Amino acid sequence: MPAPRHDEFETRLGLSFRDRFVRELPGDPSIENVPRQVKGAAWSPVLPTKVAAPKVLLHSREVADELGLSESVMRSPEMAEVLSGNRMLRGMRPYAACYGGHQFGSWAGQLGDGRAITLGEIATPSGKIQEIQLKGAGPTPYSRRADGRAVLRSSVREMLCSEAMHHLGVPTTRALALTATGESVVRDMLYDGNPKAEPGAVVARVAPSFVRFGNFELPTARKDEELLRALTAHVMKHHYPELVKAGDPTSPDSVAAFLIEVAERTARMIAEWMRVGFVHGVMNTDNMSILGLTIDYGPYGWLEGYDPGWTPNTTDAQGRRYRYGAQPSIGAWNVARLADALAPLLPEGAGDQAMKAYGTTWEERELRMYAEKLGLRAVHLPEEGEGGPSDMPLLEGLFGLFGKAEIDMPLFYRALADVPTHEPLAPEAWANVAGEVLGHTFYDTEVERVLRPTVGAWLSTYAARVREDGRDPEERRASMRRANPKYVLRNWLAQKAIDLAEAGDTSELEALLEVLRRPYDDQPGREAYAQKRPEWARHKAGCSMLSCSS
């Protein structure tokens, strides 16, 4: 591998790269960059493939600040060279990770970083360690039949959604920058036999670690306990040191504590997805972070019309395995696969304990989520046979409304905070409130008029429950606005920005990222970003369902 050159820019950059993953874990002895099975190794050395004319189109100033990168550095041509993979810096030892995974419920064997190349780790000014990874920077030994590149549209979605999720308060990997390559990439977006050349791009992703459940699954599937133990020790040492028992990171007790912590983090992450209406679309085990972060933004989507059976993934259109309503149970299934992978290191019964921890955490977070979204101090759902008040009728009534009409989920919950609940009203008055406060959240105005008395009846029940809760009205409203975002990354908004960017206009990328920085604020003058999906976008490619190349 050629030695990187050093100059004034590198000195001004001030980044010091580390290589703990490469240094501490066994690597691929071959440097041949061809698709192949890689045995006994956690990573393969690989250099990004250089591109013709890199240009940074968009960057996250928050991530740049965290990494200690100034605005002038981020806008420099030298940084574009680094962020595209054209230029290596001192201390970088780029690699692609080797892992496997279950895809759509079936074991897929070796997968690995097919279009992601990790440059290394850096210590931020605050003392945190962050990995920098380039997605779309060329082929690796794990690319199989693909080219390792990424198109602009999928890269825009990854860049924007990584940052949108962070500002929503959802655990996630981050995105530092979106860089155009100046080259074309051929893709068949809908897999319908119509490939075309599209602008290429690279996303610079940032996270404390990109290790996934699948990193542990592959060595266990290959009966390589030595690699499994080494990987577990590495992750425990650097990311879960507080869980190490008696100084041994791979002791049964240490690994059991690790599995339980990952299970609980995964449940908390998915609860946040459900709260904001996010649908991941590809919850394969190789897309599940060992740190409980949302990772790999492919054919994701946001609930607009509330539908628990909706999936944004064209590949999942028939089975709907990864539909919105199934995400909590799929999370549990994936945790069970991680437990299987760690079984050689676990004490008896640890897997069952982890599954119980997942279930308990999810149930607690689900109750908290509904309480926050409805502005209540707590939601009570007693087990069958238990006494006491229950909020199940209130929730069932709400879901019944959602089932009767296409109602925009983000807009409905946001507007619900403005319902006057402080005093009882007559039925016709509640019907009027339903029309005035919630009418705009329906996609069909005729259906809304017909259902107005039904919505009003539910509002009457809801208002009585709020009064019983005894919360100050302004406190309730403020709390609901903190839980229910006004702005989410609706696919049609992203597609509008993509269309303009492909034509050379990146102004909408900047504008959309700016809006997504404050998703819970009203932001006067930006109401156009908080509208229902327009009818033209209902079936338009990129605005409804997406493929894995989207």
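Provided above is the structure to which this section pertains.
Figured I'd write up the structure that's included with this text. Since the structure is predicted, the reported quantities are computational estimates derived from the model, not experimental observations.

Quick look at the side chain of Thr 140
Here comes step 1: Along the chain, Thr 140 turns up in the loop between strand S8 (129–135) and helix H6 (152–168).
Here comes step 2: Apart from the residues within four sequence positions on either side, Thr 140 is in contact with Asn 33, Val 46, Ala 96, Asp 113, Gly 114, Ala 116 and Ile 117.

Looking at the packing of helix H14 (residues 427–438) against helix H15 (residues 445–469)
Here comes step 1: Orientation of H14 relative to H15, taken along the N-to-C sense of each, is 105°, at an axis distance of 7 Å. Relative to H15, the element H14 lies roughly perpendicular. For the pair H14 and H15, the contacting residues are Trp 430, Ala 431, Val 433, Ala 434, Gly 435 and Leu 438 in the first and Glu 448, Arg 452, Pro 453, Val 455, Gly 456, Leu 459, Ser 460 and Ala 463 in the second.

Some remarks on the nonpolar core
Here comes step 1: The biggest cluster of nonpolar side chains holds 134 residues, and the ones touching the most others in it are Phe 216 and Leu 459.
Here comes step 2: Per element, the largest residue contribution to this core is 14 residues, and it comes from helix H9 (residues 252–276).
Here comes step 3: The residues contacting Leu 459, other than those within four sequence positions of it, are Leu 416, Val 419, Trp 430, Val 433, Ala 434 and Leu 438.
Here comes step 4: Counting 36 residues, the second largest nonpolar core, distinct from the first, contains Met 88, Leu 89, Ile 122 and Leu 134.

Describing helix H7 (residues 213–221)
Here comes step 1: Buried residues dominate H7, accounting for seven of its nine residues.
Here comes step 2: Along H7, the residues that are buried comprise Phe 213, Gly 214, Asn 215, Phe 216, Glu 217, Leu 218 and Pro 219.
Here comes step 3: Looking one or two residues beyond H7, the residue adopting positive phi is Lys 223, at roughly 60°.

Considering the packing of aromatic side chains
Here comes step 1: What the rule picks out here adds up to 20 aromatic pairs.
Here comes step 2: Here Phe 21 and Tyr 95 contribute two aromatic rings whose centre-to-centre distance is 5.1 Å and whose plane-to-plane angle is 10°, an arrangement assigned as stacked. Separated by 74 residues along the polypeptide, Phe 21 in helix H2 (residues 20–24) and Tyr 95 in strand S4 (residues 95–97) bring together distant segments of the chain. Summarising the burial analysis for this pair, Phe 21 and Tyr 95 share the class buried.
Here comes step 3: Their ring planes at 5° and their centres at 5.3 Å tell us that Trp 458 and Tyr 462 sit as a pair that is stacked.

Cut-offs applied
- Residues numbered from 1 in each chain as written.
- Predicted model: local features only at pLDDT ≥ 70, side-chain atom pairs only at ≥ 80, totals over all residues.
- Heavy atoms only, no water.
- Helix = DSSP H or I, 4+ residues; strand = E, 2+ residues; numbered from the N terminus.
- Contact = heavy atoms within 4.5 Å.
- Axes fitted to C-alpha atoms, helices over the stretch in contact; angles between N-to-C directions.
- Parallel < 35°, antiparallel > 145°, perpendicular 65-115°, else oblique.
- Core = buried A, V, L, I, M, F, W, Y, C linked by side-chain atoms within 4.5 Å.
- Buried < 20%, exposed > 50% of the residue type's maximum accessible area, 1.4 Å probe, protein only.
- Phe/Tyr/Trp six-rings, centres within 6.5 Å; stacked < 30°, edge-to-face > 60°.

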